[in-house]
Amino acid sequence: MEKRMSVQNYCINAQQFDLNTLNKICELTDKIRKLSETEEGLTFLSSLLPNKRAMLYFKQPSTRTFLSFQNACYILGIKTSEIRDVTTSSEMKGESELDAVKTFSQYVDLVIMRHRRTDFIYEIADHLDQNIKIINGGSGNDQHPTQALLDFYTIYKYGLHGKKIGFVGDLKNGRTVRSLALLLNLIPDIELYFIAPESYQIKSDITNKLKVNYHMTEDFDGQLSELDVIYMTRLQSEYEVNNQSDLEFNHRDFDHTIYRISGNNLSKVKEDAIILHPLPRVTEIAPEVDKDKRAKYWEQVKNGMWTRVALISMMFNVDEKINEGPQYIKK
Ligand code: NCD
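Keep in mind that what you see is a predicted model, and the values were worked out from it rather than measured.

Novice: Let's hear about the packing of aromatic side chains: which residues, and what values?
Specialist: On inspection of all chains with the given rule, the structure shows 10 aromatic pairs. Ring geometry for Phe254 and Tyr259: centres 5.5 Å apart, planes at 45°, overall tilted. One exposure class covers both Phe254 and Tyr259, and it is buried. Ring-pair connections join several aromatic residues into one group, and the members of that group are Phe167, Phe194, Tyr214 and Tyr231. Taking NZ or CZ as reference, Lys133 lies 5.4 Å from the ring centre of Phe316, over its face.

So, in structure tokens, the structure goes:
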């Protein structure tokens, strides 16, 4: 994996990003979004990588991230194939999963992967040929770097500096928060609030890496009116639960009525705050909040596709072409 140090070759975790690269991705995403407003711009984008092929290897449930990546590939003209159901594969004959993915990777230039095991993405980075690019689309309850990129971009659009950013919910298993906290850690004047019941708090492997000011609390109600960004997350029940009795046992100290935004507490939220959620939501945000101008989670989803276009174009070195393509930008 040492040979694969740069984001250019693989995007595996949030620690790989520096502020320069993040700024570059945000600016590139802005350009791509502008280009996409015209037919000519879209045609230009789809002419950039027509000879590249990507495999989406998604072994955990996914629809939004899967589609977001697939459409990001389409936008750049990249052809995609997918593996989601391994019962159709020789893995059923006893082949190791590493070998299976290595075999599939021979047909493509890029592997985009989601897997329940946190280490699998690192093993894959070691195992695949060095010329095959890799993107982590979610590695167990550890990291989700491209979700962090789109979240970072969304916050960047509304202003990053001097902001108080609150993460709410299951921060122990929530990989999006774990990755995003590491990206936000690159903005020195930001302040992070981790708001969760003690047994769902963010783990020290992340907080040990933080240089920015951060606070940990159980008190959502007390913090709500202080926050500029409210990042809600769902309980990640799939990581700790084998059956219904586990569910009841494990979740007895997670009070859904506390870690929730609804018509009842929305008035406490700052006028110019933004409310984010990586989705899917369960009970964390009541549907009536959707109509509020501070609810930005649908926009966040859309930003996901555009930031993935930006990342992939950077990995395949066509970002300069995009930067030089302003003749299509709508006046
Ligand atoms: C997130 C994930 O998969 O970690 N979803 C996503 O990628 N949009 C968040 C979640 O599942 O709670």
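Novice: Describe helix 1 (residues 19–35), naming the residues involved and giving the relevant values.
Specialist: The terminal C-alpha atoms of helix 1 lie 24 Å apart, and with 17 residues this matches the ideal 24 Å at 1.5 Å per residue to within 8%. Where helix 1 is concerned, the buried positions are Thr21, Leu22, Ile25, Cys26, Leu28, Thr29, Ile32 and Leu35. Structurally, helix 1 contributes buried residues whose contacts are with helix 2 (39–46), helix 6 (145–158), helix 7 (175–184), helix 11 (297–315) and helix 12 (319–323).

Novice: Can you explain the site of the ligand? Please cite residues and give values.
Specialist: Taken together, Arg64, Thr65, Arg114, His144, Gln147, Arg175, Thr176, Arg234, Gln236, Pro278, Leu279 and Pro280 are the residues near the ligand. Here an oxygen atom of the ligand sits 2.8 Å away from a polar atom, N or O, in the side chain of Thr65. The backbone of Leu279 places a nitrogen or oxygen atom 2.9 Å from a nitrogen atom of the ligand. In the complex, the protein chains occlude 94% of the 310 Å² of accessible area that the ligand would expose alone. Counting residues per element, the ones that place at least two in the shell around the ligand are helix 3 (64–75) and helix 7.

Scoring rules and cut-offs
Residues numbered from 1 in each chain as written. Predicted model: local features only at pLDDT ≥ 70, side-chain atom pairs only at ≥ 80, totals over all residues. Heavy atoms only, no water. Phe/Tyr/Trp six-rings, centres within 6.5 Å; stacked < 30°, edge-to-face > 60°. Buried < 20%, exposed > 50% of the residue type's maximum accessible area, 1.4 Å probe, protein only. Lys NZ or Arg CZ within 6 Å of the ring centre and 35° of its normal. Helix = DSSP H or I, 4+ residues; strand = E, 2+ residues; numbered from the N terminus. Expected span 1.5 Å × (residues − 1). Contact = heavy atoms within 4.5 Å. Near = heavy atom within 4 Å. Polar contact = N/O pair within 3.5 Å; in protein donor to acceptor, adjacent residues only side chain to side chain. Areas by Shrake-Rupley, 256 points an atom, 1.4 Å probe, with all protein chains shown as cover.

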